Amino acid sequence: MFPDSFTVSISKPINDFVDWLVVNYGDVFQLFSDSLLVVLVAIEGFFRDAPWWFVLLLIGLVAYGASRSLRLALGLVTLSFLMGVLGLWDEAMQTLALMLVATSIAVLIGLPFGVLLSRSDKTRLVGLPILDAMQTLPSFVYLIPALMLFGLGKVPAIIATVIYAVPPIIRLTDLGLREVNKEVLEAADAFGATPRQRLWKVELPLALPSIMAGINQATMMALSMVVIASMIGNRGLGQEVLLGINTLNVGRGAAAGLAIVAMAIVLDRTTQEYARRVQISRGET
């Protein structure tokens, strides 16, 4: 037995801090939750109300715009069609909507923090261990504070997904900006570019392949977290997997798993092909 005199409990301080947040800033959290829910419901309503063929057409156009490959676009449309064939179209649209919202928020948070880390070695020295901890913690841990602050439902699922998915965007944004050719930056300074102009017109465009790789990783991590978030009331494909486990219905879980794999391939190939095309175009210029 480990000596009791050496043990320290962190449960009570953390619970007291969460209780303090709820008591003092509960209205702020509620306002944020309601605002985020409005956005999510609007996007989810669009995908669920739109005709299935229109959504497939939209997926095909996005895939073709990212890859400029008709064969790839048709392949991704076929995979998306599979989700409907499995009888999980509505659940897939709910998952897709939550994925888009969570990934968009992760990008909005990750890009500025990635820029901040690339600008200061001291900030990076502090930030990298925090990112390491965020990526090491079990994904289930993120459900607890989100559940305590926002209750059950879609909003805590988004919050937990964003926290889980944002580290790779920060890391790869920082990496991409640090790998920009110093001579290019010196040339921009010589032409009189301001720090803002240099960031937006030189550094970020050159770092875009690395940033897109971060977005791709964040998208995949968000999809895995969306499935886990079904445990706190999030509907969609994750809920189908959870119900399959709870009822020992192997077929139901397998069908949902296939639909998740299909969505993962569609999102992965679209973002990867866009990053590849951007990198090729940068190489040509």
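Residues numbered from 1 in each chain as written. Predicted model: local features only at pLDDT ≥ 70, side-chain atom pairs only at ≥ 80, totals over all residues. Heavy atoms only, no water.

A word on the packing of helix α1 (residues 11-49) against helix α4 (residues 89-119)
Describing two packed helices takes the angle between their axes plus the distance from one axis to the other.
Link 1 in the chain: In the contact formed by α1 and α4, the axes pass within 9 Å of each other and the chain directions differ by 140°. Relative to α4, α1 is oriented oblique. With respect to the hand of their crossing, α1 and α4 are arranged in right-handed fashion. Contact residues: Leu36, Leu40, Ile43, Glu44, Phe47 and Arg48 in α1; Asp90, Met93, Gln94, Leu96, Ala97, Leu98, Leu100, Val101 and Ile105 in α4.
Link 2 in the chain: Of the residues in the contact of α1 with α4, the class split is 11 nonpolar, 1 polar and 3 charged. (Axes fitted to C-alpha atoms, helices over the stretch in contact; angles between N-to-C directions. Helix = DSSP H or I, 4+ residues; strand = E, 2+ residues; numbered from the N terminus. Parallel < 35°, antiparallel > 145°, perpendicular 65-115°, else oblique. Left-handed = near helix turned anticlockwise from the far one by under 90°. Contact = heavy atoms within 4.5 Å. Nonpolar A, V, L, I, M, F, W, Y, C, P; charged D, E, K, R; others polar.)

Focus on the environment of leucine 204
Link 1 in the chain: With respect to the helices and strands, leucine 204 occurs in helix α9 (residues 195-206).
Link 2 in the chain: Note on leucine 204: relative accessible area 16%, which makes it buried.
Link 3 in the chain: Separated by 93 residues in the primary sequence, leucine 204 and leucine 111 have C-alpha atoms spaced 9.7 Å apart.
Link 4 in the chain: Setting aside residues up to four positions removed in sequence, leucine 204 forms contacts with Leu177, Leu199 and Ile211. (Buried < 20%, exposed > 50% of the residue type's maximum accessible area, 1.4 Å probe, protein only.)

Some words on helix α11 (residues 237-246)
Link 1 in the chain: All of the buried residues in α11 are Leu237, Gly238, Glu240, Val241 and Gly244. Buried positions in α11, seen along its axis, are confined to an arc of 160° and lie on one side of it.
Link 2 in the chain: Once α11 ends, the next one or two residues include leucine 248, with phi positive near 55°. (Arc of directions from axis to C-beta.)

Concerning the packing of aromatic side chains
Link 1 in the chain: Counted by the stated rule, this structure contains 6 aromatic pairs.
Link 2 in the chain: Geometrically, the ring pair formed by phenylalanine 46 and phenylalanine 47 is edge-to-face, given 5.3 Å between the ring centres and 70° between the ring planes.
Link 3 in the chain: Between the aromatic rings of tryptophan 53 and phenylalanine 54, the centroid separation amounts to 6.3 Å while the plane-to-plane angle is 85°, which identifies the pairing as edge-to-face.
Link 4 in the chain: Taking the relative accessible area as the measure of exposure, phenylalanine 54 reaches 30% and is therefore partly exposed.
Link 5 in the chain: Clustering of aromatic rings is evident, with ring pairs tying together Phe46, Phe47, Trp53 and Phe54. (Phe/Tyr/Trp six-rings, centres within 6.5 Å; stacked < 30°, edge-to-face > 60°.)

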